[in-house]
Amino acid sequence: MTFTLRPTTPADALAVHAVMMSAGMDPRSSWVRTTIADVEWSLSKGAGFLALRGGAAVGCVGSRPDGYRTLTLNKLATRPEVRGQGIGAALVRAVEAQARAGGFGRVLLAVSLYNLGVLPFYEHLGYAVSSEPYAFAHPDSPPPVVLVKPILREAPP
Ligand SMILES: CC(C)(COP(=O)(O)OP(=O)(O)OC[C@H]1O[C@@H](n2cnc3c(N)ncnc32)[C@H](O)[C@@H]1OP(=O)(O)O)[C@@H](O)C(=O)NCCC(=O)NCCS
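Definitions and cut-offs
- Residues numbered from 1 in each chain as written.
- Predicted model: local features only at pLDDT ≥ 70, side-chain atom pairs only at ≥ 80, totals over all residues.
- Heavy atoms only, no water.
- Near = heavy atom within 4 Å.
- Polar contact = N/O pair within 3.5 Å; in protein donor to acceptor, adjacent residues only side chain to side chain.
- Areas by Shrake-Rupley, 256 points an atom, 1.4 Å probe, with all protein chains shown as cover.
- 1 Å grid on protein atoms, 1.4 Å probe; cavity = no way out; pocket = protein on both sides within 12 Å on 5 of 7 lines; lining within 4 Å.
- Sits in = over half its atoms within 2 Å of the grid points.
- Helix = DSSP H or I, 4+ residues; strand = E, 2+ residues; numbered from the N terminus.
- Nonpolar A, V, L, I, M, F, W, Y, C, P; charged D, E, K, R; others polar.
- Axes fitted to C-alpha atoms, helices over the stretch in contact; angles between N-to-C directions.
- Parallel < 35°, antiparallel > 145°, perpendicular 65-115°, else oblique.
- Left-handed = near helix turned anticlockwise from the far one by under 90°.
- Contact = heavy atoms within 4.5 Å.
- Buried < 20%, exposed > 50% of the residue type's maximum accessible area, 1.4 Å probe, protein only.
- Salt bridge = Lys/Arg side-chain N within 4 Å of Asp/Glu carboxyl O.

Draft legend 1. Structural view of the site of the ligand. Residues in contact with the ligand amount to 20 residues; listed here are only the nearest, Leu76, Thr78, Gly86, Ala89 and Asn115. A distance of 2.8 Å is found between a nitrogen atom of the ligand and a backbone nitrogen or oxygen belonging to Leu76. Protein burial of the ligand: of its 920 Å² of free accessible surface, 69% is covered by the chains. Spatially, the ligand is embedded in the largest pocket. Put simply, the parts of the chain that give the shell around the ligand at least two residues each are strand E4 (70-78), helix H3 (87-101) and helix H4 (119-124). With 4 residues, H4 is the single largest residue contributor to the shell around the ligand. Class assignment for the residues of the shell around the ligand results in 11 nonpolar, 8 polar and 1 charged.

Draft legend 2. Just the packing of helix H1 (residues 13-22) against helix H2 (residues 36-45), in detail. Packing of H1 against H2 brings their axes to within 9 Å, and their N-to-C directions diverge by 120 degrees. Here H1 is positioned oblique relative to H2, judged by the angle of their axes. Note that H1 runs across H2; the crossing there is right-handed. Contacts from Ala13, Leu14, Val16, His17 and Met20 of H1 reach H2 at Ile36, Val39, Glu40 and Leu43. Here the residues of the contact of H1 with H2 sort into 7 nonpolar, 1 polar and 1 charged.

Draft legend 3. Main features of H1. Within H1, burial applies to Ala13, Val16, His17, Val19, Met20 and Ser22. Contact partners of the buried residues in H1: H2, strand E2 (47-53), strand E3 (56-66) and E4. Just downstream of H1, Gly24 is the residue with a positive phi angle, here 75 degrees.

Draft legend 4. Structural view of unusual backbone geometry. If you check the backbone angles, Lys75 has positive phi at about 55 degrees while not being a glycine. Residue placement: Lys75 occurs in strand E4.

Draft legend 5. How the structure looks around the pattern of salt bridges. Overall, the coordinates contain 4 salt bridges when judged by the stated rule. A salt bridge links Arg6 to Asp12, with the shortest nitrogen-to-oxygen separation between them at 2.9 Å. Here Glu96 and Lys149 are joined by a salt bridge, their closest N and O atoms 3.3 Å apart. With Glu96 in helix H3 and Lys149 in strand E7 (residues 145-150), the pair connects residues that are 53 residues apart, well separated along the chain.

Written out as structure tokens, the structure reads:
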């Protein structure tokens, strides 16, 4: 069955939270302590996408500007039963398209030290490790690994 993406609103907090909690993240990561209220707050401050299959939320991603140049990507997750079908990559590309449309020069994201197994996924999509600090780092967590991808402007017609 195919899937569709649509932009999130704060009313999607419950669905986004449920997808995030299904992701199986390491219990030491701040991700697992994210509350529905936290998600609602971040959906009201930034933007993101929900992946739907048969009317059910099966994936999510968030985005948030960090200055005029950088769009940060966060809260990327797909439900374990739909993995390996291109939904995670489609969610990342949706944020990249949003960055391109918004005139941002790059997409930046942070990977927890408890989740380094996901690095090849992002590298496969063109992201490279950067030594810069993460602006939205959780104060109680070890500094994450930062990954960056330049966003190229569309060539003029
Ligand atoms: C990371 C995650 C979103 C990937 O979602 P997905 O729906 O399985 O991704 P896709 O099916 O679009 O995979 C895209 C490509 O990456 C590859 N890939 C997926 N997960 C991978 C991983 N952990 N390591 C290496 N490659 C991976 C796929 O094989 C696929 O390769 P292909 O294009 O050659 O077929 C999903 O595994 C997840 O929710 N993980 C837990 C939450 C998480 O770690 N989020 C990131 C927080 S920084």
